[in-house]
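# Residue-level structure breakdown
The residues making up each chain are set out below.
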Amino acid sequence: MLQLLVYLTFICATPAMAANTSGSLLKQPATEITVRLSNPANELKFEPNHLELVAGKRYQLRLTNPSQQKHYFTAKDFADSIWTQKVEAGKVEIKGAIHELELKPGAEAEWVFVTLKPGNYGLRCPIPGHTEAGMTGEIVVTN
(Lines give C-alpha, C1' and ligand atoms only; values in the text may rest on other atoms or scores of the structure.)
Protein backbone atom coordinates (compact mmCIF):
# COMPACT_ATOMS: atom_id res chain seq x y z
CA MET A 1 0.00 0.00 0.00
CA LEU A 2 2.84 2.38 0.83
CA GLN A 3 4.41 1.69 -2.58
CA LEU A 4 1.12 2.55 -4.30
CA LEU A 5 0.87 5.81 -2.35
CA VAL A 6 4.44 6.77 -3.25
CA TYR A 7 3.79 5.87 -6.92
CA LEU A 8 0.58 7.92 -7.06
CA THR A 9 2.31 10.87 -5.40
CA PHE A 10 5.11 10.70 -8.00
CA ILE A 11 2.74 10.34 -10.97
CA CYS A 12 0.38 13.09 -9.80
CA ALA A 13 3.15 15.56 -8.95
CA THR A 14 2.24 19.19 -9.39
CA PRO A 15 4.79 21.88 -10.30
CA ALA A 16 4.83 23.05 -6.68
CA MET A 17 5.46 19.52 -5.49
CA ALA A 18 8.20 19.04 -8.08
CA ALA A 19 9.89 22.24 -6.98
CA ASN A 20 9.65 21.29 -3.29
CA THR A 21 10.80 17.70 -3.67
CA SER A 22 13.65 18.51 -6.03
CA GLY A 23 15.13 21.10 -3.63
CA SER A 24 18.78 21.40 -4.53
CA LEU A 25 18.19 19.73 -7.90
CA LEU A 26 17.06 23.07 -9.32
CA LYS A 27 20.37 24.58 -8.22
CA GLN A 28 22.49 21.85 -9.79
CA PRO A 29 23.85 22.24 -13.33
CA ALA A 30 21.45 20.90 -15.94
CA THR A 31 22.48 18.27 -18.46
CA GLU A 32 22.68 20.10 -21.80
CA ILE A 33 21.22 18.62 -24.97
CA THR A 34 21.06 20.37 -28.35
CA VAL A 35 18.38 19.50 -30.91
CA ARG A 36 18.34 21.03 -34.38
CA LEU A 37 14.97 21.44 -36.05
CA SER A 38 16.05 20.72 -39.63
CA ASN A 39 19.45 21.74 -40.97
CA PRO A 40 20.93 24.31 -43.42
CA ALA A 41 19.91 22.03 -46.32
CA ASN A 42 16.25 22.36 -45.12
CA GLU A 43 15.85 18.61 -44.56
CA LEU A 44 12.71 17.86 -42.57
CA LYS A 45 14.13 16.08 -39.53
CA PHE A 46 15.15 16.55 -35.93
CA GLU A 47 18.87 16.11 -35.25
CA PRO A 48 19.01 14.02 -33.10
CA ASN A 49 15.53 12.52 -33.35
CA HIS A 50 15.90 10.20 -30.34
CA LEU A 51 16.51 11.55 -26.82
CA GLU A 52 17.16 9.40 -23.76
CA LEU A 53 16.55 11.10 -20.41
CA VAL A 54 16.39 9.94 -16.80
CA ALA A 55 13.42 10.67 -14.52
CA GLY A 56 14.19 13.07 -11.69
CA LYS A 57 17.01 14.87 -13.52
CA ARG A 58 17.31 18.49 -14.63
CA TYR A 59 17.92 19.22 -18.33
CA GLN A 60 18.66 22.23 -20.51
CA LEU A 61 17.32 21.56 -24.00
CA ARG A 62 18.81 23.92 -26.58
CA LEU A 63 16.65 24.09 -29.68
CA THR A 64 17.98 25.64 -32.89
CA ASN A 65 16.40 26.11 -36.31
CA PRO A 66 19.11 26.55 -38.95
CA SER A 67 16.68 26.15 -41.86
CA GLN A 68 14.90 28.77 -43.96
CA GLN A 69 11.42 27.85 -42.70
CA LYS A 70 9.71 27.71 -39.31
CA HIS A 71 9.35 24.44 -37.40
CA TYR A 72 7.64 23.26 -34.24
CA PHE A 73 9.00 21.13 -31.39
CA THR A 74 5.78 19.41 -30.34
CA ALA A 75 5.76 16.72 -27.65
CA LYS A 76 2.58 17.35 -25.63
CA ASP A 77 2.57 14.10 -23.63
CA PHE A 78 6.23 14.64 -22.75
CA ALA A 79 5.54 18.26 -21.79
CA ASP A 80 2.71 17.08 -19.53
CA SER A 81 5.11 14.67 -17.76
CA ILE A 82 7.81 17.22 -16.83
CA TRP A 83 8.14 20.30 -14.65
CA THR A 84 9.24 23.29 -16.72
CA GLN A 85 11.53 25.66 -14.86
CA LYS A 86 11.75 28.13 -17.75
CA VAL A 87 11.94 28.66 -21.49
CA GLU A 88 14.20 31.40 -22.81
CA ALA A 89 14.06 32.79 -26.32
CA GLY A 90 15.80 36.02 -27.18
CA LYS A 91 15.30 38.39 -24.29
CA VAL A 92 12.13 36.68 -23.09
CA GLU A 93 11.87 34.12 -20.29
CA ILE A 94 8.64 32.12 -20.06
CA LYS A 95 7.58 30.12 -17.01
CA GLY A 96 4.81 27.59 -16.57
CA ALA A 97 3.35 24.80 -18.68
CA ILE A 98 4.69 24.56 -22.23
CA HIS A 99 3.37 22.12 -24.84
CA GLU A 100 5.19 23.14 -28.00
CA LEU A 101 7.69 25.67 -29.23
CA GLU A 102 7.69 27.36 -32.64
CA LEU A 103 11.10 28.32 -33.95
CA LYS A 104 11.27 30.70 -36.87
CA PRO A 105 14.21 30.51 -39.33
CA GLY A 106 17.49 31.03 -37.46
CA ALA A 107 15.78 31.04 -34.05
CA GLU A 108 17.14 29.50 -30.85
CA ALA A 109 15.40 28.64 -27.58
CA GLU A 110 16.41 27.08 -24.28
CA TRP A 111 14.00 24.86 -22.32
CA VAL A 112 15.02 24.01 -18.73
CA PHE A 113 12.98 21.28 -17.06
CA VAL A 114 12.96 18.39 -14.60
CA THR A 115 11.71 15.02 -15.84
CA LEU A 116 9.07 13.54 -13.53
CA LYS A 117 7.58 10.48 -15.20
CA PRO A 118 9.20 7.64 -17.16
CA GLY A 119 7.75 6.79 -20.55
CA ASN A 120 8.10 6.92 -24.32
CA TYR A 121 6.91 10.17 -25.87
CA GLY A 122 6.39 11.15 -29.48
CA LEU A 123 7.99 14.25 -30.98
CA ARG A 124 6.88 15.89 -34.23
CA CYS A 125 6.59 19.07 -36.26
CA PRO A 126 2.85 19.48 -36.98
CA ILE A 127 3.27 21.83 -39.96
CA PRO A 128 1.39 20.17 -42.86
CA GLY A 129 3.74 17.79 -44.67
CA HIS A 130 6.58 17.97 -42.12
CA THR A 131 5.53 14.99 -39.98
CA GLU A 132 4.80 12.96 -43.11
CA ALA A 133 8.24 13.83 -44.54
CA GLY A 134 9.93 12.41 -41.44
CA MET A 135 10.13 15.30 -38.99
CA THR A 136 9.37 13.01 -36.05
CA GLY A 137 11.24 11.65 -33.09
CA GLU A 138 11.03 9.97 -29.74
CA ILE A 139 11.84 11.03 -26.20
CA VAL A 140 12.45 8.16 -23.79
CA VAL A 141 12.49 8.81 -20.04
CA THR A 142 13.76 5.95 -17.89
CA ASN A 143 14.01 5.50 -14.10
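To be clear, the structure that these remarks concern was listed above.
Please read these numbers as outputs of a predicted model, since none were measured by experiment.

All right, on to the side chain of His130 then. Looking at the secondary structure, you find His130 in the loop between strand E10 (119-124) and strand E11 (136-142). In this structure, His130 is in contact with Leu44, Gln69, Lys70, His71, Cys125 and Met135, ignoring residues within four places of it in sequence.

The subject of this paragraph is unusual backbone geometry. Each neighbour pair has its own omega, and for Glu47 with Pro48 the value is -5 degrees, a cis peptide bond. As for its placement among the helices and strands, Pro48 is situated in the loop between strand E2 (46-47) and strand E3 (50-54). In this model, Ser38 sits at a positive phi of 85 degrees, which is unusual for a non-glycine residue. You can see Ser38 is positioned in the loop between strand E1 (31-37) and E2. Unlike most non-glycine residues, Asn42 shows phi in positive territory, near 65 degrees. One can find Asn42 in the loop between E1 and E2.

Attention now goes to the pairing of E3. Only one face of E3 is buried: it carries Leu51 and Leu53, and the other face, with His50, Glu52 and Val54, is open. As paired elements, E3 and E11 share 5 bridges and run parallel to each other. Bridge assignment links Leu53 to a residue of E11, and that residue is Val141.

On to the pattern of salt bridges. Under the criterion given, the structure shown has 11 salt bridges. The partner of Glu88 in a salt bridge is Lys86, with the nearest N and O atoms 2.6 Å apart. Its relative accessible area of 19% is what places Lys86 among the buried residues. A salt bridge links Lys86 to Glu110, with the shortest nitrogen-to-oxygen separation between them at 4.0 Å. Here the residue Lys86 occupies a position in strand E6 (residues 82-89), and Glu110 occupies one in strand E9 (residues 108-115), the gap between them amounting to 24 residues. Its relative accessible area of 14% is what places Glu110 among the buried residues. Beyond isolated ion pairs, a larger network of salt bridges with shared partners links Glu32, Arg62, Lys86, Glu88 and Glu110.

Calculation notes
Residues numbered from 1 in each chain as written. Predicted model: local features only at pLDDT ≥ 70, side-chain atom pairs only at ≥ 80, totals over all residues. Heavy atoms only, no water. Helix = DSSP H or I, 4+ residues; strand = E, 2+ residues; numbered from the N terminus. Contact = heavy atoms within 4.5 Å. Buried < 20%, exposed > 50% of the residue type's maximum accessible area, 1.4 Å probe, protein only. Pairing = 2+ DSSP bridges. Salt bridge = Lys/Arg side-chain N within 4 Å of Asp/Glu carboxyl O.

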